[in-house]
Each structure stands twice: as C-alpha cells, then as structure tokens.
Amino acid sequence: MRNINLNHKIAVIMIVSLLIILTACSQTDDSMPNHMMPIKEISEVKPIGRSVSGLGEAEQSRIVELKDNQAFQMEAKPIAKDINGNKIMMYAYNGQMPGPLIKAKQGSLIYVNFTNNIDMETTIHWHGIRLDNKFDGVDGASQKPVKPGESFLYEIRLPDEGIYWYHPHIREDLQQELGLYGNILVEPKDKDYFNKVDNEIALFLDDIKMNGNDIEPFNSQFATFTIMGRFGNVMLVNGETYYRLNANKGESVRFYLTNSANIRTFNFMIGDHKLKVVGSDSGKYEKESIANSIIISPGERYTAEVLFDKAGIFKIIHRTPNKDYILGEVIVNEASGSVNDEFYELKENEEIKSSIAPFRRYFSSEPDYIFNLEINQESMGKMESRASNEGIEWEDTGHDEMMNSMSTANNVRWMIVDALTGKANMDNNYKVKAGDIKKIRFVNDKDSMHPMQHPMHLYGQKFLVLSVDGVENENLGWKDTVLVPTGKNVDILIEFSNPGEWMLHCHIAEHLEAGMATMFTVSQ
C-alpha cells in the first residue's frame with residue numbers, strides 16, 4: 001500500500017509539473033517583435049508535396065563541356081531518389097544529382113537557359129563566380145524570382161580558374177537540401193597550371209535529415225532548425241549514401257571537394273592516405289601542403305590530390321572528435337604501372353604569389369569594418385557552446401537537438417552586427433568603389449547566446465584570409481567563403497573589383513533564412 005501511495009504522489013507531481021510547463025508555454029507577450037515570439041508555429045507546419053507518383057528516377061551527374069559563347073539548357077524539376085531503400089521526392093537539375101558538372105575555359109562566356117519546373121519560385125546563384133551582377137541570382141537584389149513554368153537566361157563570365165558551384169537563392173534551406181546543386185569547373189588558361197594526374201573527380205559532401213521513410217518535413221512558409229541549422233542524419237557523397245570509386249595502384253587522382261550541406265562541416269579523409277592540398281575556392285594556394293584530412297565548411301571548396309600507391313579498399317571518412325562516419329570507399333586494384341616518386345615533392349606557385357604581392361601593403365592595416373556574429377533568441381534562452389577544440393559544432397544532440405528542432409526563422413534572428421554603429425544585417429548597405437581594398441574582421445564571441453561556427457560567403461568578389469586570432473596565415477589563396485570558428489576573430493582582405501550590389505552572409509542555410517546577411521554596393 002505504501003508503494004501504491006508513493007507511486008500516486010509521483011504521478012500527481014508529474015502531472016502538475018506538466019500543466020505548469022504547458023501553461024507557461026501558452027502565454028505570449030503581444031509586445032514582443034515577431035521574430036521573438038515563443039515557439040507555437042512549429043506545430044503549424046505546412047509541408048510541401050511529397051508524392052513520387054509519375055516522377056523519373058534520379059540520374060548520376062554528367063559532364064557538360066561548354067565552349068566560349070555556347071548555351072546550355074537546364075531545368076529544375078522533382079525526381080524520385082532512393083535513400084536507404086526509400087523512394088523519396090527530391091529536386092534535381094536536369095534530373096541529375098548532383099546537377100551537371102559544367103566545364104568551361106577561364107575567360108569564356110557561357111549561357112545557361114534555365115527553366116523552373118518545381119512548384120516554388122527559385123533562382124540560380126553562381127557561387128564564387130565574379131559574373132555580372134544582374135545574373136547573380138539574388139532575389140530582390142539582382143533578379144526577380146523565376147516562377148514555376150518560367151525561364152531565365154543566365155549569362156556567365158568566367159574570369160577566374162577554380163572549382164565553383166551553383167544552387168538556389170530562394171529558400172536555400174529547402175531547395176538545396178532537396179538536391180539542387182552542381183559544380184562549375186573553370187579550367188585554367190595555362191595547361192600546366194595543375195599537376196599531371198590520372199583522373200579528376202568532383203565530390204559533393206552533403207547530408208540529409210530523414211524521419212522514418214521520408215525527409216524530415218519542411219515548412220513551406222519559413223525555415224525551421226534555425227538555431228544550429230538542419231543537421232542531417234544520413235551522409236551523402238554525390239547524392240549516394242555509400243560512394244564508390246575505382247582506381248589502379250600507382251594512379252594519382254585530383255579531387256574537387258564541395259560542401260553543399262545546410263550546416264554540417266566535414267572533416268574529409270581517405271583511409272591512411274595523405275592529401276596533397278593544392279587549392280581552395282578560386283584556384284591554387286601559394287604553396288602545396290600535405291594533410292591527413294581537410295576541414296571544409298558549407299559553401300567552401302578544396303582541391304586535393306591523392307596518390308594511391310598500394311592496392312586495397314580504403315574508406316572515405318568524415319572524422320569528428322566523437323565519431324567516424326564512413327561515406328564510401330576507394331577500391332584500388334593491382335596494376336603493373338610504376339608509382340610516381342615525385343608526387344610528394346611540394347611546389348611553390350610563383351604566379352599565385354605574384355597575384356597577391358600588390359595587396360601585401362594592406363595586410364597590417366586596421367580593419368575597415370568589424371562585424372560581430374550574434375544571435376537573438378531570448379524567447380528560447382541561452383545555449384552553451386558544444387564546439388570542439390577546432391571551434392566547430394559537429395552535431396546537434398541531446399538538449400541542443402531539442403532546442404534546435406523548436407527554432408524557426410520567426411523566433412530566432414541571426415545577425416551580422418556592425419561594431420561601430422550597432423546596426424545589423426540589411427539595415428546596413430556598405431558603399432565602396434571598384435578598385436577599393438577593404439579589410440573585414442569577423443568577431444565570433446564565445447559568450448554569445450549560442451556560440452557556434454559561421455562560414456561567411458561574399459558574392460561577386462574575392463578575398464584573402466589574412467589571420468585567425470592574430471595568427472598570420474602563411475599560405476594564402478583567393479577565396480569567397482571562410483569558416484569563422486567559435487570564439488575566433490578572422491581577418492579577410494577583399495579586392496572589390498566587380499560593380500553591383502553584392503551580398504555577404506552566413507552560408508548555414510537556416511542562418512541566412514533567419515536574417516544573417518548584409519550588402520555591399522560596389523560603384524564604378
């Protein structure tokens with residue numbers, strides 16, 4: 001009897017506690033701004049259509065080589081994609097996942113005639129390419145949305161060598177997550193620009209959040225998972241849950257790596273093979289280097305070469321402090337060819353050093369702009385940082401996962417705050433002239449309401465990453481996206497060369513949807 005009474009008391013306490021919580025959650029303050037309202041709308045999710053009836057199967061990416069002034073037809077459309085035995089509705093460019101790998105020569109002009117055959121407005125953003133502003137794909141700034149059934153002709157000038165990519169710029173958190181992304185490889189004018197290799201492979205690193213036998217629902221009206229971003233629970237390489245590549249012993253392969261995930265930073269490695277890091281977003285580094293792995297944040301690209309000097313099966317791995325994710329494998333077959341003994345001789349690239357030399361006089365100057373990376377989530381309370389020693393949140397788990405799942409673009413506001421004026425995001429529009437050289441310092445305070453990393457992307461220009469916490473970067477290369485780790489200050493030097501209105505934003509898709517963007521207007 002004593003046990004029954006005890007159990008009864010515990011049950012009563014639990015019920016009373018639950019009622020208190022529910023009562024507190026139901027109270028709202030009408031004086032609060034819209035983005036600070038307590039979490040109610042998460043239960044009012046308006047999901048997009050998920051039927052796969054009548055849809056074609058997703059195809060593998062194909063290479064399209066375009067000559068100067070050549071046009072290419074591209075469409076976005078729904079497709080059926082197999083994820084771990086489940087047929088799910090996703091999107092694809094030309095039915096391919098990833099989209100077509102477009103190859104063109106540096107200095108050429110290409111045309112992409114795009115047709116929107118998904119059930120949402122969309123555009124294409126040509127990530128990292130210094131093209132004319134009106135073709136940059138930014139809704140409300142450089143072009144109008146392409147409505148379902150409509151077409152738009154993109155004119156793309158390719159002034160810089162490197163690996164670039166294309167993706168939507170409307171509801172990026174949804175459309176990109178569902179498969180709308182592809183690469184553009186701009187081949188250098190100099191045929192000897194890169195090392196001789198036996199093969200070139202473009203790899204997209206991605207993840208997707210599954211819930212049972214379908215994707216975790218999206219809200220068609222606003223982004224969800226906006227505190228940390230929509231972490232996937234299924235890893236993808238080129239759209240596959242387990243990617244396989246065949247090579248022969250003695251072959252060297254150049255990998256063009258792109259992170260297309262909404263939030264996840266990858267730490268990429270191939271078994272015990274060394275990676276020769278050759279370049280990043282826009283061409284080569286000043287000098288080659290050897291690494292065991294490459295940390296690559298959303299939006300970034302890296303170029304790395306691998307010598308497969310022994311036969312066997314070698315796992316493609318995403319390594320975090322707590323877990324190894326097996327992404328696929330490289331199957332290296334026995335072969336009679338010789339191994340390249342010169343592979344590990346590291347080159348210094350004088351032409352890259354020469355392109356950077358005119359900017360060195362600005363390296364020690366004071367920042368022109370200081371941007372604090374902050375969050376306003378008072379309705380949800382402060383969250384402790386789960387960042388690793390690298391300043392990266394590799395997962396959302398436990399309490400963080402719960403808080404993240406309740407956050408939306410309506411109750412969380414991410415901000416790029418001008419340290420001088422206190423203004424944030426689109427309240428700022430910075431005026432510069434073509435030819436200006438400006439330094440930006442990003443400050444990512446470890447004591448903010450939710451400290452975490454931010455990959456910052458600037459449109460239409462290129463920059464150098466000068467330092468992290470005052471420690472000078474000793475191997476420079478031209479970039480358009482930089483990872484700003486938790487608790488770090490990162491200085492970049494921008495060459496403003498391309499007139500137009502250009503966005504700077506965090507490339508965590510949900511952070512962009514929650515407001516984390518500002519503008520630079522570059523005049524002639």
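As the structure is a prediction and not an experimental result, all values here were calculated from the model.

### Side note on the overall build of the protein chain
1) Next: When you go through the protein chain residue by residue, the secondary structure sums to 5 helices and 33 strands.
2) Next: Here the protein chain, with 524 residues, has 56% of them falling under the buried criterion.
3) Next: Put simply, of all contacts in the protein chain between residues at least 6 apart along the chain, 77% involve residues at least 24 apart.
4) Next: With the model as given, the accessible surface of the protein chain reaches about 22000 Å², and the carbon-plus-sulfur share is 49%.

### Brief notes about the environment of Asp445
1) Next: With respect to the helices, strands and loops of the structure, Asp445 is situated in the loop between strand 26 (437–443) and strand 27 (454–458).
2) Next: Here the alpha-carbon distance between Asp445 and Asn489, two residues 44 residues apart in the chain, equals 8.3 Å.
3) Next: If we ignore the near neighbours within four places in the chain, the residues touching Asp445 are Pro451 and Gly487.
4) Next: Separated by 2.9 Å, the side chain of Asp445 and the backbone nitrogen of Asp447 make a polar contact.

### Comments concerning the nonpolar core
1) Next: If you look at the biggest cluster of nonpolar residues, it comprises 44 residues, and the most contacted ones within it are Tyr91, Ile102, Trp126 and Ile156.
2) Next: The set of elements that each furnish at least two residues to this core consists of strand 2 (71–83), strand 3 (86–93), strand 4 (101–105), strand 5 (109–116), strand 7 (151–157), strand 8 (162–167), strand 9 (182–187) and strand 13 (234–237).
3) Next: The element best represented in this core is strand 3, accounting for 6 residues.
4) Next: One finds Ile227, Met452, Val484 and Ala517 within the second-largest nonpolar core, a separate group that totals 40 residues.

### Describing unusual backbone geometry
Note: most residues except glycine have negative phi, and most peptide bonds are trans.
1) Next: Cis geometry is found at the peptide bond from Met97 to Pro98, where omega equals -5°.
2) Next: Take Pro98: it is sitting in the loop between strand 3 and strand 4.
3) Next: Located in the positive-phi region is Arg171, a residue other than glycine, with phi close to 45°.
4) Next: Mapped onto the secondary structure, Arg171 falls in the loop between strand 8 and helix 2 (172–175).
5) Next: Non-glycine residue Asn425 carries a positive phi angle of around 55°.
6) Next: Residue placement: Asn425 occurs in the loop between strand 24 (413–418) and strand 25 (429–433).

### Describing the sheet that holds strand 7
Strand pairing in a sheet relies on backbone hydrogen bonds. The paired strands run either parallel or antiparallel.
1) Next: If you trace the 4 strands from one edge of the open sheet to the other, you get 3-2-5-7, paired in mixed fashion. Each edge of the open sheet carries a strand with a single partner, namely strand 3 and strand 7. In this sheet, adjacent strand axes meet at a mean angle of 30° when their direction is disregarded.
2) Next: Relative to strand 3, strand 2 runs antiparallel, the two sharing 8 bridges. In the sheet register, Ile79 faces strand 3, and the bridge partner there is Met90.

### What about the pattern of salt bridges?
1) Next: The final tally for this structure, using the stated rule, is 34 salt bridges.
2) Next: Of the charged contacts in the structure, one is a salt bridge between Asp272 and Lys310, with a shortest N-O distance of 3.1 Å. With Asp272 in the loop between strand 16 (266–270) and strand 17 (275–280) and Lys310 in the loop between strand 20 (301–307) and strand 21 (312–319), this residue pair connects regions lying 38 residues apart in the sequence.
3) Next: A residue is classified by how much of its surface remains accessible, and Asp272, at 51% relative accessible area, is exposed.
4) Next: Sharing partners across several salt bridges, the network here consists of Lys103, Glu200, Arg254, Lys276, Glu288 and Glu305.

### What about the packing of aromatic side chains?
Aromatic ring pairs are described here by two measures, namely the spacing of the ring centres and the angle between the planes.
1) Next: For the structure on display, the rule yields 19 aromatic pairs.
2) Next: Plain terms: the ring middles of Phe343 and Tyr344 are 4.9 Å apart, the flat faces sit at 85° to each other, and that makes the pair edge-to-face.
3) Next: Residue classification places Phe343 among the buried positions, given a relative accessible area of 4%.
4) Next: Relative to Phe520, the ring of Phe496 lies with its centre 5.3 Å away and its plane at 35°, an arrangement referred to as tilted. One end of the pair, Phe496, is in the loop between strand 31 (489–495) and strand 32 (500–506); the other, Phe520, is in strand 33 (residues 517–523), and 24 residues separate them in sequence. With respect to burial, Phe496 and Phe520 carry one shared label: buried.
5) Next: One aromatic cluster in this structure is built from Tyr93, Phe114, Trp126, Phe135, Phe152, Tyr154 and Tyr166.
6) Next: For the cation-ring pair, Lys284 lies above Tyr193, with the distance from its terminal atom to the ring centre recorded as 4.2 Å.

### Side note on the sheet that holds strand 32
1) Next: The 5 strands are arranged 25-33-32-27-30 in an open sheet whose pairing can be described as mixed. Bordering the open sheet on either side are strand 25 and strand 30 (481–484), each of which pairs with just one other strand. Each adjacent strand pair in this sheet contributes to an overall mean axis angle of 20°, direction not counted.
2) Next: Here strand 32 pairs with strand 33 via 6 bridges, running antiparallel. Among the inter-strand pairings, Met503 is bridged to a residue of strand 33, identified as Met519.

### Comments concerning the confidence of the model for the protein chain
1) Next: With 89% of its residues at a pLDDT of 70 or more, the protein chain shows a mean pLDDT of 89.
2) Next: Scored below 50 in pLDDT, residues 1–43 makes 35 contacts in the model with residues more than four places away or belonging to other chains.

Quick notes on the rules
Residues numbered from 1 in each chain as written. Predicted model: local features only at pLDDT ≥ 70, side-chain atom pairs only at ≥ 80, totals over all residues. Heavy atoms only, no water. Helix = DSSP H or I, 4+ residues; strand = E, 2+ residues; numbered from the N terminus. Buried < 20%, exposed > 50% of the residue type's maximum accessible area, 1.4 Å probe, protein only. Contact = heavy atoms within 4.5 Å. Areas by Shrake-Rupley, 256 points an atom, 1.4 Å probe, with all protein chains shown as cover. Polar contact = N/O pair within 3.5 Å; in protein donor to acceptor, adjacent residues only side chain to side chain. Core = buried A, V, L, I, M, F, W, Y, C linked by side-chain atoms within 4.5 Å. Pairing = 2+ DSSP bridges. Axes fitted to C-alpha atoms, helices over the stretch in contact; angles between N-to-C directions. Salt bridge = Lys/Arg side-chain N within 4 Å of Asp/Glu carboxyl O. Phe/Tyr/Trp six-rings, centres within 6.5 Å; stacked < 30°, edge-to-face > 60°. Lys NZ or Arg CZ within 6 Å of the ring centre and 35° of its normal. pLDDT = per-residue confidence, 0-100.

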